[in-house]
Amino acid sequence: MQPELFLARSGAPSIRWGRIPLEDVEDPWQAASDFVSAQQVERAKVVVLFGLGLGYRVRRLRQLGVTPLIFEPCAAIADLVVEHAPEMLEGVPLFSDFSSLRTHLLEQMKTDDAVVLLVPPAYRMAFPEMHDQLVEQLRESHALATLRRNGVVERSGLIVRNTLRNLGHLADLPSATGLGKPLAGTPAFIVSAGPSLDRNVEALAHAAKCGAILAVNTAAPVLAARGIPMDAVVCVEGLRVSDALEAAAPHAASSLFDLSTHPDNLHAGSSRSMAFLAGGPRFAPLASALGLQPLAYGPSVATAALSLAFQMGADPIVLVGQDLAFSEGRMYATGTGREAVRVEIEGDLLRFDYGEMLMARFREGGVKTPSTHRPFVWTEGWGGGRVPATHDLVSFRRWFESVAYHFRQQRRFINATEGGASIQGFAEESLETLLQEMKPRTDDLQRSIREASPLPLAQVEKVIADIHNSALPVRESARRWLQAKSESRRRSLAEEVRQAARRAPMVNAAAEGAITAVLDDPGIQGAAQERKLFEIIAEAASDVLELSAKTKRRAK
């Protein structure tokens, strides 16, 4: 069915979908004015409009000083308006598919954003299923924004500290993102530690002859126990997991580490280790200073493994053990050392029994122990049916789906997990059937890894020195602010701190979590909040100075 234009009784253009008029049949201009008032949107941070129509409601919102985000369920209507009135949509985010909308919301939405959804009744009548999906997408995006915020508060300090401690080792570790395309046209198997790995682990011995095996650090001991060779173990874990890495090392040709991993992990991998640096604003200045290509990956180690395989040209990319749900009442495969963790549905929540060993590891790492009761959502299962998943697992799945959507013309994406959640854009095939179609591998990945060179020591030392030197004026000016007696003196010093902080991205990254926590705390406001923020900045600068000084000595 296609949209149809007609004239309203006022003479203004209108449009219908089947028998349903999407703009008013009497006077679309007046109807748009009546549709939304200033009071409805005055406190909204994000205004989402379901349905573009012919743009009358968009013009009304712009009269009110609001730039809406529009989801138009009919792409033909969006194309019509873009063709005949492009100026009306200048600067207005417009989406006709949920994958692009989801990516935008995950990038832009913050947990405290007030969101208003405006729904013309005619659009809800014409596209009821799309309306329900949009409502669910907004709820999901808010939940994921909350998770992201909590992750920043809980882990950003740990990530920055680990990165600074590990910087000196870059003179020994080649870059994992500088290998070129050694896997061009070769399959890559991204092996995760979901419980479904149990049914496929033996088949991975054959898979290793057909393509590259990139195992996440929790899955690596499972493969090693069966003597299955791995091209690489991928680790982004900020907590110490050196025992798992040591168990896997005899069967892993290389270990690929995010620079923010726990320092002990760097020394526990295989004899050939490499490093990569996460993309994003937090570490972009550091990557630029080091001359490294940052790795764009999502909120889990498996997403990093997939990004590495993608950069190296792998095709197809195959997921194994990537459950992303709790279909079997477990979190991990047998042999991970975490198989005792159990998950049960209790009413509207999932109850997690982590076991004392895993809880001790959280405490040792200085991070908040996860909740034993968490909300869940039902999601489509691999091969059909429904399975329960938490919002963090949904965020992992959405990342995979976004990659498959954006690169669907360039690569094949296959989910051979045979359990857990379905992932849109990933073809579902059994691993056994898939392997029957594959030929022996002929790539030169291991040669590329052996021949990779680390960064020059002088370059690493210069970056460390620059980090140290940039942190010093931030600490000193923040301390002077804290000691200042007059308001005018504090105003002057506040600008001095801001100027110094612009030149100290690692200090900003170190302070990010604590600053976010203070700004979110309704009990800390006004002058007390301002003083607390400068205390955090001074402390973060001191930490960066101390860590960079130690790292510089270690690099030498």
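Overview of the structure. (Residues numbered from 1 in each chain as written. Predicted model: local features only at pLDDT ≥ 70, side-chain atom pairs only at ≥ 80, totals over all residues. Heavy atoms only, no water.)

Some words on the sheet that holds strand S4 (residues 46-50)
Strand-to-strand pairing in sheets goes through backbone hydrogen bonds, with the strands running parallel or antiparallel.
Line of reasoning, step 1. Pairing is parallel in the open sheet, where four strands are placed in the order S6-S5-S4-S7. Looking along the sheet, the strands with just one partner apiece sit at the ends: strand S6 (94-95) and strand S7 (115-118).
Line of reasoning, step 2. In the sheet, strand S5 (residues 69-71) pairs with S6 via two bridges, with the strands oriented parallel. Following the sheet pairing, Ile-70 is matched in S6 by Leu-94.
Line of reasoning, step 3. Relative to the sheet, helix H5 (residues 98-108) contacts S5 and S6, its axis offset from that of S5 by approximately 160°. (Pairing = 2+ DSSP bridges. Helix = DSSP H or I, 4+ residues; strand = E, 2+ residues; numbered from the N terminus. Contact = heavy atoms within 4.5 Å. Axes fitted to C-alpha atoms, helices over the stretch in contact; angles between N-to-C directions.)

Structural notes on the pattern of salt bridges
Line of reasoning, step 1. Going through the model one piece at a time under the given rule, you end up with 23 salt bridges.
Line of reasoning, step 2. Residues Arg-374 and Asp-392 are paired through a salt bridge, measuring 2.8 Å at the closest nitrogen-oxygen approach. With Arg-374 in strand S16 (residues 373-375) and Asp-392 in helix H15 (residues 391-406), this residue pair connects regions lying 18 residues apart in the sequence.
Line of reasoning, step 3. Put simply, Glu-451 and Arg-447 hold a salt bridge, and the shortest N to O gap is 3.1 Å. Pair noted here: Glu-451 and Arg-447 are both in helix H17 (residues 445-451), with a separation of four residues, about one helical turn. (Salt bridge = Lys/Arg side-chain N within 4 Å of Asp/Glu carboxyl O.)

Re the pairing of strand S12 (residues 273-276)
Line of reasoning, step 1. Residues Ser-273 and Ala-275 point to one face of S12 and Met-274 and Phe-276 to the other, with burial holding for every one of them.
Line of reasoning, step 2. Note: strand S11 (residues 255-258) against S12, four bridges, orientation parallel. Across the sheet, the residue bridging to Ser-255 is Ser-273, located in S12. (Buried < 20%, exposed > 50% of the residue type's maximum accessible area, 1.4 Å probe, protein only.)

Focus on the sheet that holds S16
Line of reasoning, step 1. Read across the open sheet, the three strands follow the order S14-S15-S16; overall the sheet is antiparallel. In this open sheet, the two edge strands, each paired with only one partner strand, are strand S14 (342-346) and S16. Between one strand axis and the next, the sheet turns by 30° as a mean value, whatever way the strands run.
Line of reasoning, step 2. Bridge count between strand S15 (residues 349-353) and S16: three bridges; the pairing is antiparallel. The residue of S16 that forms the bridge with Leu-350 is Arg-374.

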